[in-house]
Amino acid sequence: MSSSSDHPAAGSIPPSSSSPSAPSSPPSVRSFGGGKVGAPAVRILGTGRYTPEKIVTNVDLEKMVDTSDAWIVERTGIRERRVAAPGELTSDMAAAAGRMALEKAGISADELDMIIVGTISGDMPMPACAAFVQQKLGAKTCPSFDLSAACAGFLYGLTIGERFIRAGGVRYVLVIGVELLSRLLNWEDRKTCVLFGDGAGAVVIGPNDGDGRGILSTHIFTDGSLAGSLFIPGGGSKEPVSQEVVDKRRHLVHMEGQDVFKAAVRNLSSASQAALAANGVSGKDVDWVVAHQANLRILQAVSQRVELPMERFFINIHKYGNTSSASIPIALDELLGEGKLKQGQLVLMCALGAGISWGSALIRW
Ligand code: UT7
């Protein structure tokens, strides 16, 4: 397993033998990079997505909270979002997306060596949502676990899956990003309820076949000093579920939007720059940016800072809102479905969410 450390501005990833505590790397910006351009070890073999049927438009929300279609579109780019049906579970959505990814990869569930589910809205606090997903897919006894990195959950999962395959002994990993946030939102809080949507996206990753395609690098980061900017304060061990927690809506999502917005622009830009620098390429070499869809204005700001033209960003926020960890794999599957992503093209991914945690990946498709 290779791991390396570099500053976003430090240029190429050092060889895998280099120490994570190399002097050029301030500990506060330690990151974990993948292989170099031309030598990817792991590639995405199949993608899938599932979004619930029910559409909730901004106009629908106007009837529920003091908001307007105009405000939501102008401030976020969101026009509508999907909401899971009563009885529909996070693991149902995850399994549906996973099944599609397996089918497209031509891999059967019992060939999976690992299932990683990025989610903060699993079916229940225990056990992991991944256990239910494994059972629904019929994936036998492969290790299956959840990963709590909120909107960065998919990129964290991709990073970990890639490292397991690179290390050997693991061949196929199903990486899923799934959220059912509609049940964790305060539908009386206009600052959060208009932003999020439900959905799932998945990829199957496996060893590449030596043709130079695959995951070129990943970088993941967390800044826990901003943990209080986006969180669900109640329902855990700190504030166990109680009538008071529920009455005060502390079991639901709370967000300091502007703090997260600023952190997102800053960190998505630096993580994108880290991915480009690590591989010796520039923004103009990138064919597609498949970024976390939290706010169109965030992506426009990143586009300017990193000199990535806006037309290279795949955008579907208007249809789904912010689906957290699901947004990148949903977007990737849509991009492929529309026939826009061609073999050999360079894809940049970046995401940021609660933690705050963020990251990037560069992929030769
Ligand atoms: O995926 C995880 C990461 N999450 C994000 O990246 C989200 C980051 N944050 C954001 O995208 C933005 O901060 C928001 C979309 C959440 C808010 O946009 P903003 O431009 O930062 O608005 P604001 O919070 O500064 O609020 C501006 C005004 C306020 O009114 P006053 O105080 O100026 O009178 C808010 O009360 O807009 C008001 N407002 C709304 N008005 C209508 C806030 N939410 C709404 C709403 N409808 N839904």
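See above for the structure.
A brief report on the enclosed structure follows. The numbers attached to residues start from 1 for each chain and follow its sequence in the written order. Only residues with pLDDT of 70 or above have their local features reported here, since the model is predicted, and side-chain atom pairs are shown and tallied only from 80 upward, although totals for entire chains, interfaces and linings are computed over all residues. Values reported for side chains reflect all heavy atoms of the structure, with hydrogen atoms and water molecules removed beforehand.

### Thoughts on the sheet that holds strand 12 (residues 346–353)
Inference 1: For two strands to be treated as a pair, DSSP must find no fewer than two bridges joining them. Each helix is a run of H or I in the DSSP string that is no shorter than four residues. Each strand is a run of E no shorter than two, and both are numbered from the N terminus. The sheet built from four strands is open, its strands ordered 8-13-12-11 with mixed pairing. Edge positions in the sheet fall to strand 8 (214–222) and strand 11 (288–291), since each has one partner strand and no second. Mean inter-strand twist for the sheet, computed between neighbouring axes without regard to direction, equals 15 degrees.
Inference 2: Alignment of strand 8 against strand 13 (residues 357–364), held across eight bridges, turns out to be antiparallel. Looking across to strand 13, one finds that Ser-217 is bridged to Leu-362.
Inference 3: Pairs of residues are marked as contacts when any of their non-hydrogen atoms sit within 4.5 Å. Each axis is a line fitted through C-alpha atoms, taken for helices only over the stretch in contact, and angles between the N-to-C directions span 0 to 180 degrees. Across the face of the sheet, helix 8 (residues 257–278) comes into contact with strand 8, strand 12 and strand 13 while running at roughly 150 degrees to strand 12.
Inference 4: Sheet strands touched by helix 11 (residues 327–337): strand 11 and strand 12. Its angle to strand 11, the strand with the most contacts, is close to 145 degrees.

### Quick word on the site of the ligand
Inference 1: In these notes, residues near a molecule or strand are those with any non-hydrogen atom within 4 Å of it. Around the ligand, 23 residues are found, and the nearest of them are Thr-67, Gln-258, His-292, Asn-295 and Asn-322.
Inference 2: In the analysis that follows, any N or O atom pair within 3.5 Å is treated as a polar contact, provided that within protein one partner can donate a hydrogen and the other can accept it, and provided that, for residues neighboring in sequence, both atoms belong to side chains. Arg-190 is positioned such that a nitrogen or oxygen atom in its side chain is 2.9 Å from an oxygen atom of the ligand.
Inference 3: Gly-257 is positioned such that a nitrogen or oxygen atom in its backbone is 3.0 Å from a nitrogen atom of the ligand.
Inference 4: Every accessible area reported is derived by Shrake-Rupley at a probe size of 1.4 Å, with residue values counting cover from the shown protein chains alone. Summarising the interface, the protein chains cover 76% of the accessible area of the ligand, which totals 950 Å² for the free molecule.
Inference 5: When contributions to the shell around the ligand are tallied by element, the ones reaching two or more residues are helix 2 (69–76), helix 6 (190–193), helix 8 and helix 9 (296–306).
Inference 6: Residues that form the shell around the ligand fall into these classes: 11 nonpolar, seven polar and five charged. Gly falls in the polar group here, along with every residue not listed as nonpolar (Ala, Val, Leu, Ile, Met, Phe, Trp, Tyr, Cys, Pro) or charged (Asp, Glu, Lys, Arg).

### Comments concerning the packing of aromatic side chains
Inference 1: Only rings of Phe, Tyr and Trp enter the pairing, Trp through its six-membered ring, and a pair is recorded when the two centres are within 6.5 Å. The plane angle decides the type: under 30 degrees is stacked, over 60 is edge-to-face, the rest tilted. Taken as a whole and assessed by the stated rule, the structure comprises one aromatic pair.
Inference 2: Seen in terms of ring centroids, Phe-221 and Trp-358 are 5.3 Å apart; in terms of plane orientation they differ by 15 degrees. Their pairing is stacked. Placement of the pair is Phe-221 in strand 8 and Trp-358 in strand 13, with a sequence separation of 137 residues. Like Phe-221, the residue Trp-358 is buried in the burial classification. Between buried and exposed lies partly exposed: a residue is buried under 20% and exposed over 50% of the maximum accessible area for its type, with that area taken using a 1.4 Å probe on protein chains only.

### Some points on the sheet that holds strand 7 (residues 199–207)
Backbone-to-backbone hydrogen bonds join strands into a sheet, with any given pair of strands oriented parallel or antiparallel.
Inference 1: Here we have five strands laid out as an open sheet, ordered 1-7-6-4-5, and mixed in their pairing. A single partner strand is all that each edge strand has here, and the edge strands are strand 1 (42–50) and strand 5 (144–147). Neighbour-to-neighbour, the strand axes of this sheet turn through a mean angle of 20 degrees, independent of strand direction.
Inference 2: Across the face of the sheet, helix 4 (residues 129–137) comes into contact with strand 4 (114–118), strand 5 and strand 6 (173–179) while running at roughly 130 degrees to strand 4.
Inference 3: Here helix 11 sits on the sheet in contact with strand 1, strand 6 and strand 7, set at roughly 95 degrees to strand 1.

### Some points on the nonpolar core
Nonpolar side chains in soluble globular proteins tend to end up buried together.
Inference 1: Here, nonpolar core means buried Ala, Val, Leu, Ile, Met, Phe, Trp, Tyr and Cys residues that are tied together by side-chain atoms lying within 4.5 Å of each other. Val-194, Leu-268, Val-289, Leu-308, Leu-348, Leu-352 and Leu-362 are the most contacted members of the largest nonpolar core, which totals 43 residues.
Inference 2: Secondary structure elements with two or more residues in this core: strand 8, helix 8, strand 11, helix 9, strand 12 and strand 13.
Inference 3: The leading source of residues in this core is helix 8, at eight residues.
Inference 4: If sequence neighbours within four positions are ignored, Leu-362 has contacts with Gly-214, Ile-215, Leu-216, Ser-217, Ala-275, Leu-276, Asn-279, Val-281, Leu-346, Val-347 and Leu-348.
Inference 5: Met-114, Ala-149, Phe-314 and Met-349 belong to the second-largest nonpolar core, a separate cluster that totals 33 residues.

### Some points on the environment of Ala-84
Inference 1: Here Ala-84 shows up in the loop between strand 3 (80–82) and helix 3 (90–105).
Inference 2: Residue classification places Ala-84 among the buried positions, given a relative accessible area of 8%.
Inference 3: Counting along the chain gives 99 residues from Ala-84 to Arg-183, while the straight-line C-alpha distance between them is 8.8 Å.
Inference 4: Excluding anything up to four places from it in sequence, Ala-84 contacts Pro-52, Leu-180, Ser-182, Arg-183 and Asp-198.

### Here we look at unusual backbone geometry
Inference 1: With an omega of 0 degrees, the peptide bond between Met-126 and Pro-127 qualifies as cis.
Inference 2: Mapped onto the elements of the fold, Pro-127 is located in the loop between strand 4 and helix 4.
Inference 3: The omega torsion of the bond from Gly-355 to Ile-356 falls at -15 degrees, within 30 degrees of zero and hence cis.
Inference 4: Take Ile-356: it is sitting in the loop between strand 12 and strand 13.
Inference 5: Here the phi dihedral of Ala-150 falls at roughly 50 degrees; this positive angle occurs in a residue that is not glycine.
Inference 6: Note that Ala-150 resides in the loop between strand 5 and helix 5 (153–167).
Inference 7: Under the relative-accessibility criterion, Ala-150 is labelled buried at 6%.
Inference 8: The phi dihedral of Arg-249 is positive, around 60 degrees, even though this residue is not glycine.

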